Amino acid sequence: MPSHNVMDRAKWPAFIGLVLGTVVVTNTVKTTFAFDKTVHSSIATLACSGGAIIGLSRWLPRDGNRTHKGGQYEAVPLAEVGQPHASRDPSPSPEDVAYPSSLRKLRIVFLLLVALLGIRVEVMREVVRNVQCSRASWEPIVPLVFAAWDYWAVQRKRRRATNDDDLDASVYDALERSMARSPYSCVATVALVILGSTLAMNALASPASTFICAAGLPFRWLVPQLQRVGTVLDVAIIFCIYNLLKAQDARGSLNVALRFASVGYAFLSAAALLLFAGIVYYIVQDNDRIWILTIPHQYFWSVLRLDLVVAFTVLCAMVMILQVGVMTTTVLTTFTSIMTAVAISAWANGHPFPPHSTGIAFLGVSLAILGFMAYFHLETMHEGSSGNYTTSLFRKIPSAFYLTMLILFFFWTGLWATSKSKVNYHPIDMLIFEAQRYHHMYLDQTAVSTGLAETVTHYQERYGQQPPPGFDHWYRYATERNSTVIDSFDSIHHDLDPFYALEPQQIRHRTWEMIANQWNDVAGISIRNGQVTVAPNIVPTHRWMADGLAELIGKFAKWLPDMDLAFNLNDECRVSVPYEDVVPMRQIAQNKRLNQQQRRDDARTSFSDGRAEQWKAIAEDEVPDSPLEEISWQYSFHRFGSVGCPPNSPARRLRHWDVGSFCTECAYPQSLGAFLSNWTVAGDICHQPDLADLHGLYLSPASFKGTHELYPLFSQSKANGFNDILYPSAWNYLEKAKYDPNDDNPDRPFSEKNDTIFWRGATSEGVSQGRGQWRGMARQRFIHLANNINNSAPPQPLLLPTERGGKLSYWTLPSSELTDLLKADIHVVDSIARCAGPDCEHQAEEFAPLVPPSDFQHHWTYKFLLDLDGAGFSGRFLPFLQSRSLPFKAALFREWWDDRVTAWAHFIPLDLRGHGFWATLAYFQGLDGKIAGGSVEVKMDPHVQAAERIAEAGREWAEQVLRKEDMEIYFFRLLLEWGRLTDDRRDELGVRI
Ligand SMILES: *[C@@H]1O[C@H](CO)[C@@H](O)[C@H](O)[C@H]1NC(C)=O
Ligand SMILES: *[C@@H]1O[C@H](CO)[C@@H](O)[C@H](O)[C@H]1NC(C)=O
């Protein structure tokens, strides 16, 4: 048959295309944006694949035997669902009527396929929406179903049909043949492939994240059921496709091209069906309209890329089904896909953490390879013996096939041989040691200079600039107050550098724009002749903050030039200039410095005259315009979080949509095993796309009015990538949360305190307005983890000593055992804050019982204090540091003191993902008990002395560099620099001594 020749030639390209396509899809799908809008993406993908299939069908021969009639058969069902059919003549010929049963059958299959595709998309959408509740997938059994079906439909009958006739075969041949003839052999080899793959997949599955699968909501049982339904639907869909492509009708096979096209039309119809459903939804549900129509550009490109690869892969799969049948195609796809996934996972996880059983994975992969080879061996032998249309993939298995399998096997042998599961020393031992060294390095450069002249020289060397006018007053101010930090104020320069790209006049105007409109939630503070005044249009509820600032600035205002300052009254940071814009801005500052380095002695030593008039007056009446955009209660990561990252960074390119899985690559750069090793790197979001769903600021900020333009806005804290200017918070300056132990709540020596880790607070990190955002917020996740609510917290790692040789290894323990072994008292107080719709009730249920608020001074009862971000920075951290207790801190926000305080030397850092929480606590608290269901006894001594040393070091250091005086000194220096930046002659200004 001519059609067979064409298709035969397509076999090899299709085979290679399917393998490559599967590898790429498996790899891409993990980080695609497509699941942000599952239905949109599905419509695009179905349409794209359908189009590709129809396109290909035009290349296929249309005049095989019985083409004419075949074409007519299929035209009818298509016409019925309203797909116009330009290329065919729709008028039925009399013969059609003669075969009504096959006609009806195909019609039904077609409609069924369309319906199944539609339902499949909806099931997928539901699963993706609560993907943290999903379990291990059933998808690998799909080939097994087809193998069983093959056994049922073909092999059983074949056995009866064939008679043996080979008389002069060797024993080996005979064995091989009898295997080939055995009706079970095919099922057995497929089962081996599936067993091995599943084994490997489970051994290498990424650990569960702390994203909450709420115990009180139905998703915990619903989502796994839906996953199973999804698998059944997949089998049904493939079955339908197979039927459309291959089923025999009463008069022999239909024309290949038209069969092919009919599958394409089914895809298109499913896309149309979904589109129609989407339009109906759009009309009915007016809340979601904006969301439905908004297509962010990352999403667009990501889906486009995925679409093309998926369409290509589906196309290859169709050709393969046509050529070698559905069983071989699914076996090939499943094997390729799982091998790709586990290889990537094993390659990325050669470390002791997260703990993986590489041995079992190796065993699984070996079994799968064995099964896979056996399968094709058998399949090759069936060639020719089969009466049906299907040909086998290989006439003779090419040596390249064996070679590939061999390479795969050796790759895994290598991985297995090099994987490590034991740790020689506890990472925290090393982290503490390193932190002390780091802190000493910091000390060595904070106060190198003695005397003003030397400080000025040092400033010039360090910052490539003259110090601003007034620097001598600052120096005196700082030394009179015994400032430990004299030379290193890098964060000020880092914050201010981009502003050198703006003209002073522009900065002044932008300051006015911020202050003039009350809607902006910005407080204006004016300095005139050394007097500080608060602008009249401030929101009354935030008055205390502006007054506190006025008091703070008032301490040194007499040395400041006249200027206006715009202070962010909200907790959230706001100014997020895209990376592409801010890098050239920083470059401008850099270049200016290079130019200025020569000129030293002609500096103008005082600020320009007449500065007061340059600042436009702040009207008391409303100015309607605002450069700020309202994004409160909206998802903000990609619009305002990651734009500050380089375009090729993971935060901008990748979407970690599977919030239920722990993102190893995201945590790896700042981790040593399960422990956070580098606080600075942890604050950099650019390699951490998963943070998009793990913090209130990104999920749904409470009051976020942001801009992409460089506006001069002073904020108390900021996340990485924001360009707000950090200043010491009035909250801390006014001691709104004060370290003030009393007789009822004394701050006893560390060893006398309660061993428990303690936290009290509200759910105020972000607003959960009805879409379940609370399940990702850091506060909620930590509470959930620490209490193992309704036994629904995922298993977590602990690093425990093994019996021999003082080595340690990671155990993944169920949270129920962890809450027994370790002591935590972490609760929400009062009532659920910042929620709307069903989320209030859901949270109240999940976090019940809510405890009464406790006195802030009660904290000092406990050895370990947990500190978590709120809507902005945590105002409690400084008092925690001042106390004799040891603070544990997990935070996205960074404050003005960030480079002064060293993690592991002054406090214990935790990763925002929470995976190190129990393991870190275990190191300090120690544990003694039984794990693994009571079968293994473990004992780890508490590191009390290390804990006490860090608690004391933090306390002493806070008394030295985080006093109210230190806030003044930092602020004074910041405002002198700011005074220069806003001066028309800023390039000429400087001190002369
Ligand atoms: C953290 O990493 C940064 C960048 O790699 C490095 O400069 C810094 O020294 C590290 N900090 C510590 C405490 O090791
Ligand atoms: C320590 O605090 C926990 C929780 O607040 C409490 O249950 C426990 O009884 C306290 N232990 C001692 C020895 O007071």
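What this report covers is the structure whose coordinates are included nearby. (Residues numbered from 1 in each chain as written. Chains lettered and ligands numbered in written order. Predicted model: local features only at pLDDT ≥ 70, side-chain atom pairs only at ≥ 80, totals over all residues. Heavy atoms only, no water.)

Digging into the packing of aromatic side chains
Part 1 of the argument: Within this structure, the stated rule accounts for 59 aromatic pairs.
Part 2 of the argument: Centre to centre, the rings of Phe 489 and Tyr 970 are 6.0 Å apart; their planes meet at 45°, and the pair counts as tilted. A residue pair is termed long-range when its members are at least 10 positions apart, and Phe 489 in the loop between helix 17 (471-480) and helix 18 (490-496) and Tyr 970 in helix 35 (residues 964-981) qualify at 481 residues. Like Tyr 970, Phe 489 is buried.
Part 3 of the argument: Note on Phe 864 and Phe 888: the rings are 5.6 Å apart at their centroids and 80° apart in plane angle, and the pair reads as edge-to-face. Of this pair, Phe 864 sits in strand 15 (residues 862-868) while Phe 888 sits in strand 16 (residues 886-890), and the two are 24 residues apart along the sequence.
Part 4 of the argument: Look at Phe 864 and you get buried, because its relative accessible area is 1%.
Part 5 of the argument: Among the aromatic residues, those joined into a cluster by ring pairs are Tyr 477, Phe 499, Phe 556, Trp 559, Phe 567, Phe 714, Tyr 727, Phe 971, Phe 972 and Trp 978.
Part 6 of the argument: When the ring centre of Tyr 477 is taken as reference, the NZ or CZ atom of Arg 481 above it lies at 3.5 Å. (Phe/Tyr/Trp six-rings, centres within 6.5 Å; stacked < 30°, edge-to-face > 60°. Helix = DSSP H or I, 4+ residues; strand = E, 2+ residues; numbered from the N terminus. Buried < 20%, exposed > 50% of the residue type's maximum accessible area, 1.4 Å probe, protein only. Lys NZ or Arg CZ within 6 Å of the ring centre and 35° of its normal.)

A closer look at the state of the cysteines
Part 1 of the argument: Scanning the model with the defined rule gives 4 disulfides in all.
Part 2 of the argument: A sulfur-sulfur distance of 2.1 Å marks the disulfide that ties Cys 645 to Cys 686. Where Cys 645 bonds to Cys 686 through sulfur, the torsion about that S-S bond is close to -90°, and the disulfide is left-handed. Taken together, the residues span a long stretch of sequence, with Cys 645 in the loop between helix 23 (637-641) and helix 24 (650-653) and Cys 686 in the loop between helix 26 (679-683) and helix 27 (696-699) at a distance of 41 residues.
Part 3 of the argument: Residue classification places Cys 645 among the buried residues on the basis of a relative accessible area of 1%.
Part 4 of the argument: Between Cys 663 and Cys 666 runs a disulfide, and the two sulfur atoms are separated by 2.0 Å. (Disulfide = S-S within 2.5 Å.)

Examining the environment of Thr 680
Part 1 of the argument: Take Thr 680: it is sitting in helix 26.
Part 2 of the argument: By relative accessible area, which is 55% here, Thr 680 ends up exposed.
Part 3 of the argument: Measuring from C-alpha to C-alpha, the distance between Thr 680 and Arg 894 comes to 9.4 Å, with 214 residues separating the pair along the chain.

Re the site of ligand 2
Part 1 of the argument: Around ligand 2 sit Asn 754, Thr 756, Asp 825 and Tyr 862, and those are all the residues in its vicinity.
Part 2 of the argument: Measuring from an oxygen atom of ligand 2, one finds a side-chain N or O atom of Asn 754 at 2.3 Å.
Part 3 of the argument: Within the side chain of Asp 825, an N or O atom sits 2.7 Å from an oxygen atom of ligand 2.
Part 4 of the argument: Contact with the protein chains covers 34% of the free accessible surface of ligand 2, which is 360 Å².
Part 5 of the argument: A breakdown of the residues in the shell around ligand 2 according to their chemical character gives 1 nonpolar, 2 polar and 1 charged. (Near = heavy atom within 4 Å. Polar contact = N/O pair within 3.5 Å; in protein donor to acceptor, adjacent residues only side chain to side chain. Areas by Shrake-Rupley, 256 points an atom, 1.4 Å probe, with all protein chains shown as cover. Nonpolar A, V, L, I, M, F, W, Y, C, P; charged D, E, K, R; others polar.)

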